[in-house]
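Overview (structure and organization)
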Amino acid sequence: MLSRCLAAALTALALAAGPASADPKQTAEAVDKAVAEWMKQTGVASAELAVGFQGHQVGAYGHGWKPTEPHLLASLSKAITAVCVAELIDQGKLKFTDTVGTVLAKDLEVTGEPADARFKGLTIRQLLTHRAGIAKNTFGNATTMEAAFKTTVQTKLRDDMKFFYSDSGYMVLGMVAQRVAGAPYTDTCRKVLTETGASGTIEPTLVERSANGAWVMSAVDYLKFLSFFDANSDRLKSTKAWLRAPPGGNYSLGAFVKKTAAGVTLSHTGLVHQKGAHPLSGGSYYIVNPAGWTVVVIFSGENSDATYSALAAAIDKALADDSAPVATQPSTSEGGLLTAKIDGADWSSDDVISTYTNFGGHPVFNLSARAYKKPTQFFTMNLFLQTGADPKGTPA
């Protein structure tokens, strides 16, 4: 009964609705203004950004740099490696439960026995989620991934397998990718870029960090790559659900996962911090929010944590002012196909989102829907009902 009432109410609401007040292009421009103000307040000299909505670019902006100008991504490189590994899993060439000792057996013949007996038993899942007990950086003076892997093998693991962010752990995943694919890491994982029309290279002075921090790309190209993370994308197969719901933690495929009543947000930061040991410096940040917005920012300088926090807050505020719905996962359990005639045109959508939330201490059923013909033309609607009541407030 509740489902029928909600569907009927939404259909009626759709027929009366007009186009949303916020155009995606306007929202993208608001994000750009927020980033420009953030640069002014924090002293960041140069930046480039790209803004996408539901897998489509709606804005690209430059401040000292062009948005198509490649720069070092630092830790945003991890998502490329993670998606590369995820595709190998989707293809049946690898499993989350496979161990380092099995997959990298030939490489371990070269390095010798690990310093820690637990190393061979580490799984792909543990490496992806930073729960392998590997130290943050075990690169030493290595100039290749193979040399860095040997150093890692010779280093004792941490006492526990709780979350501990590890650049070296993702380097091991790079070794896994090239061993399973039978081709060098760069050739293997560049494929996930070309699939989306993106391009990228490896910083030649950081080859040992290829898998965890050495990809060089523009904001526009990285935005294309992040179409893998769009909720409506079908690029990831069996690993798609795992992206937003990793087991036992809040880190998945090169993404920090934040769950809220609105849905799941994916984000990551990148920082080149060589403390004078390397001529390069810079930062990066991406966010994919529950409403379908994706923002990529690449910027200059070696910046503090407070600078990154300020950037994230500025982008969040700019996106929060948009009138798009707060969730995008399709659902047919509490709704279905919506049709509406708006400004003489027929619109339809099966993008119906239902969530239960608490509002003022009372359980509320929140149903949102979006219909769109192209990224710059859409309307949204939201309906809030107290559980157990139909749109008129009578018992259901």
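Anything mentioned here points back to the structure above.
The sections below set out a description of the structure shown in this document.

Rules behind the numbers
- Residues numbered from 1 in each chain as written.
- Predicted model: local features only at pLDDT ≥ 70, side-chain atom pairs only at ≥ 80, totals over all residues.
- Heavy atoms only, no water.
- 1 Å grid on protein atoms, 1.4 Å probe; cavity = no way out; pocket = protein on both sides within 12 Å on 5 of 7 lines; lining within 4 Å.
- Points joined across faces, edges and corners; volume = space filled by probe spheres on them.
- Nonpolar A, V, L, I, M, F, W, Y, C, P; charged D, E, K, R; others polar.
- Disulfide = S-S within 2.5 Å.
- Helix = DSSP H or I, 4+ residues; strand = E, 2+ residues; numbered from the N terminus.
- Buried < 20%, exposed > 50% of the residue type's maximum accessible area, 1.4 Å probe, protein only.
- Pairing = 2+ DSSP bridges.
- Axes fitted to C-alpha atoms, helices over the stretch in contact; angles between N-to-C directions.
- Contact = heavy atoms within 4.5 Å.
- Core = buried A, V, L, I, M, F, W, Y, C linked by side-chain atoms within 4.5 Å.
- Phe/Tyr/Trp six-rings, centres within 6.5 Å; stacked < 30°, edge-to-face > 60°.
- Lys NZ or Arg CZ within 6 Å of the ring centre and 35° of its normal.
- Parallel < 35°, antiparallel > 145°, perpendicular 65-115°, else oblique.
- Left-handed = near helix turned anticlockwise from the far one by under 90°.

Applying the stated criterion to the full structure yields 1 cavity of 30 Å³ or more. The calculated volume of the largest cavity comes to roughly 40 Å³. Lining the largest cavity are Gln126, Leu127, His130, Arg131, Ala132, Gly133, Ile134, Phe164, Ser166 and Gly169. When its residues are assigned to classes, the lining of the largest cavity shows 4 nonpolar, 5 polar and 1 charged.

Before going further, it helps to spend a moment on the state of the cysteines. A full pass over the atoms with the stated rule returns 1 disulfide. Between the sulfur of Cys84 and that of Cys189 lies a disulfide, 2.3 Å long from S to S. On the sign convention where negative means left-handed, the S-S torsion of about -80° between Cys84 and Cys189 marks this disulfide as left-handed. Here Cys84, found in helix 3 (residues 77-90), pairs with Cys189, found in helix 9 (residues 185-189); they are 105 residues apart in sequence, far enough to count as distant. A residue is classified by how much of its surface remains accessible, and Cys84, at 2% relative accessible area, is buried.

Moving on, we come to the sheet that holds strand 6 (residues 256-260). If you trace the 6 strands from one edge of the open sheet to the other, you get 2-1-9-8-7-6, paired in antiparallel fashion. Because the sheet does not close on itself, it has two edges, and the strands there are strand 2 (56-63) and strand 6. Between one strand axis and the next, the sheet turns through 10° on average, direction left out of account. As paired elements, strand 1 (residues 47-53) and strand 2 share 7 bridges and run antiparallel to each other. Among the inter-strand pairings, Val51 is bridged to a residue of strand 2, identified as Gly59. Each of strand 7 (263-272), strand 8 (282-288) and strand 9 (293-299) is contacted by helix 14 (residues 305-320), which is oriented at about 35° to strand 8, the strand it contacts most.

Here the focus is the pairing of strand 9. By the criterion of burial, strand 9 is predominantly enclosed, with 7 of the 7 residues buried. Here strand 9 shows two buried faces, one formed by Trp293, Val295, Val297 and Phe299 and the other by Thr294, Val296 and Ile298. Where strand 1 meets strand 9, 7 bridges bridge the pair, whose relative direction is antiparallel. Within strand 9, the position partnered with Gly52 by the bridge is Thr294. Sheet topology places strand 8 next to strand 9; 6 bridges connect them, and they run antiparallel. Paired with Ile287 across the bridge in strand 9 is Val295.

Quick look at the nonpolar core now. Membership of the largest hydrophobic core comes to 77 residues, with the highest contact counts inside it found for Ile80, Tyr222, Phe225 and Phe229. If one sorts the elements of this core by residue count, helix 3 sits on top with 9 residues. Ignoring anything within four residues of it in the chain, the contact list for Phe229 reads Ala79, Val83, Leu243, Arg244, Leu253, Ala255, Leu266, Tyr286 and Val288. Listed in part, the 27 residues of the second largest apolar core include Val51, Tyr285, Phe299 and Ile315.

Counted according to the given criterion, the structure contains 17 aromatic pairs. Ring geometry for Trp38 against Phe299: centres 5.1 Å apart, planes inclined by 80°, an arrangement best described as edge-to-face. Placement of Trp38 in helix 2 (residues 24-42) and of Phe299 in strand 9 is noted, with a sequence separation of 261 residues between them. Ring geometry for Tyr251 against Phe256: centres 4.8 Å apart, planes inclined by 90°, an arrangement best described as edge-to-face. An aromatic cluster is built from Phe163, Tyr165, Tyr170, Tyr251 and Phe256, whose rings are joined through pairwise contacts. Geometry around Phe139 places Arg209 over its ring, the cationic atom sitting 4.1 Å from the centre.

Here the focus is the packing of helix 7 (residues 145-153) against helix 8 (residues 167-181). Axis separation between helix 7 and helix 8 bottoms out at 10 Å; the angle between their running directions is 125°. The angle between the axes of helix 7 and helix 8 places the two elements in the oblique class. For helix 7 against helix 8, the interelement crossing comes out left-handed. Every residue of helix 8 that contacts helix 7 at Met145, Glu146, Ala148, Phe149 and Thr152 is listed here: Ser168, Met171, Val172, Gly174, Met175 and Gln178. Residues of the contact of helix 7 with helix 8, tallied by class, amount to 6 nonpolar, 4 polar and 1 charged.

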